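Reading the structure
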Amino acid sequence: MKKPPYKIALLFGSQSGKTALLAKSLYQNILDRNLPCDLYDLEGKVLEDFKDYEVIILATSTYGDGEPPDNATQFFQSLKGSNPLSLGEKKYYALIGIGDRFYPHFCQAAVDFDQEFKDRGFQAISETFLGEFQEQELIEDWTSNLLYHLDFIVLNQTSGLE
Ligand SMILES: Cc1cc2nc3c(=O)[nH]c(=O)nc-3n(C[C@H](O)[C@H](O)[C@H](O)COP(=O)(O)O)c2cc1C
């Protein structure tokens, strides 16, 4: 296992741009914290593309009948088809799901991503956020909590989670 500081890949799946905006703002917050982070649009990306990162943060909206947005479909399939992490390999993830409560499968893409990450042995950094784009205060609270945990995990392996 690599020694800290760990690298963060901040990914976004977004169709009409709202979640992309949110991810860009989160990216700025992470950089302001002097943590090593790269931002990626998920279009054309697969899990393998992020093998050098120890932390994956994913912001995704939901489309269709509870599916990931188009630009995140390929990544979702690659995650689903990937092998669980091998022993000794430790990876972290955090998820923020943006949707609309009007739809019966509210934020379903984030719920499904969450399950896939867990099934593959990724460890959650914080509770997955499920909400609407305009719920800015809740998003800010979630972000503060995430940044707090990121500091520990990225810079100091021993003081993070449990
Ligand atoms: C055709 C269509 C289908 C949608 N389906 C869902 C859905 O199943 N569940 C959900 O929570 N939101 C659904 N939404 C709402 C979007 O996820 C929401 O508007 C989100 O803010 C869009 O973010 P984006 O601009 O990053 O793509 C749907 C929106 C559209 C236009």
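Up top is the structure.
This section reports on the structure supplied with the text. Bear in mind that the values here come from a model prediction, so they are computed numbers and not experimental data.

Here's the deal with the overall build of the protein chain
The number of helices and strands found in the protein chain is 4 helices and 6 strands. Reading the helices (α) and strands (β) of the protein chain from amino to carboxyl end gives β-α-β-β-α-β-α-β-β-α. Here the C-alpha atoms of the protein chain give a radius of gyration of 15 Å, agreeing with the 15 Å that 2.2 N^0.38 yields for 162 residues. At a minimum sequence separation of 6, the contacts of the protein chain that also span at least 24 residues come to 78%.

As for the site of the ligand
Around the ligand sit 23 residues, and of these Ser-14, Ser-16, Thr-19, Ser-61 and Gly-99 come closest. Elements with a minimum of two residues in the shell around the ligand: helix H1 (18-32) and strand E4 (92-99). The biggest single contributor to the shell around the ligand is H1, with 3 residues. Residue composition of the shell around the ligand, grouped by class: 8 nonpolar, 12 polar and 3 charged.

Quick look at the nonpolar core
Ranked by internal contacts, the top residues of the largest apolar core, which has 44 residues, are Ile-8, Leu-10, Val-55 and Tyr-93. Listed by contribution, the elements that provide at least two residues to this core are strand E1 (8-13), H1, strand E3 (55-61), helix H2 (73-80), E4, helix H3 (108-119), strand E6 (129-132) and helix H4 (136-155). Discounting chain neighbours no more than four positions away, the residues touching Leu-10 are Ala-23, Leu-26, Tyr-27, Ile-30, Cys-37, Asp-38, Leu-39 and Ile-57.

Points about the packing of H1 against H4
Between H1 and H4, whose axes approach to 11 Å, the crossing angle comes to 40°. One element, H1, and the other, H4, form an angle in the oblique class. Considering only the axes of H1 and H4, their crossing is right-handed. Across the interface between the two elements, Leu-22, Leu-26, Asn-29 and Ile-30 from H1 touch Ile-139, Thr-143, Leu-147 and Leu-150 from H4. Per-class residue counts for the contact of H1 with H4 are 6 nonpolar, 2 polar and no charged.

Description of the pairing of E3
Within E3, 7 of the 7 residues are buried, which leaves the element mostly enclosed by the surrounding structure. Of the strand pairs in this sheet, E1 and E3 are connected by 6 bridges, and their pairing is parallel. Counted as the bridge partner of Gly-13 is Thr-60 from E3. Running through H2, the crossover from E3 to the neighbouring parallel element E4 is right-handed.

Quick word on H3
Helical geometry note: an α-helix holds 3.6 residues per turn, so side chains three or four residues apart project in the same direction. Taking 1.5 Å of rise per residue, 12 residues should cover 16 Å, and H3 covers 16 Å from first to last C-alpha, within 8% of that figure. Here the buried face of H3 lies against E3, H2, E4 and E6. At the exit of H3 stands Gly-121, carrying a positive phi of roughly 90°.

Side note on unusual backbone geometry
In this model, Asn-34 sits at a positive phi of 60°, which is unusual for a non-glycine residue. With respect to the element layout, Asn-34 can be found in the loop between H1 and strand E2 (37-41). You will see that Cys-107, though not glycine, has its phi angle at about 50°, which is positive. By the secondary structure assignment, Cys-107 is in the loop between E4 and H3. A count of 26 C-beta atoms within 10 Å places Cys-107 in the buried class.

Rules behind the numbers
- Residues numbered from 1 in each chain as written.
- Predicted model: local features only at pLDDT ≥ 70, side-chain atom pairs only at ≥ 80, totals over all residues.
- Helix = DSSP H or I, 4+ residues; strand = E, 2+ residues; numbered from the N terminus.
- Rg over C-alpha atoms; globule rule 2.2 N^0.38 Å.
- Contact = placed C-beta atoms within 7 Å.
- Near = placed C-beta within 6 Å.
- Nonpolar A, V, L, I, M, F, W, Y, C, P; charged D, E, K, R; others polar.
- Core = buried A, V, L, I, M, F, W, Y, C linked by C-beta atoms within 7 Å.
- Buried ≥ 20, exposed ≤ 12 C-beta atoms within 10 Å, placed from the backbone.
- Axes fitted to C-alpha atoms, helices over the stretch in contact; angles between N-to-C directions.
- Parallel < 35°, antiparallel > 145°, perpendicular 65-115°, else oblique.
- Left-handed = near helix turned anticlockwise from the far one by under 90°.
- Pairing = 2+ DSSP bridges.
- Right-handed = clockwise from strand over helix to strand, strands pointing away.
- Expected span 1.5 Å × (residues − 1).

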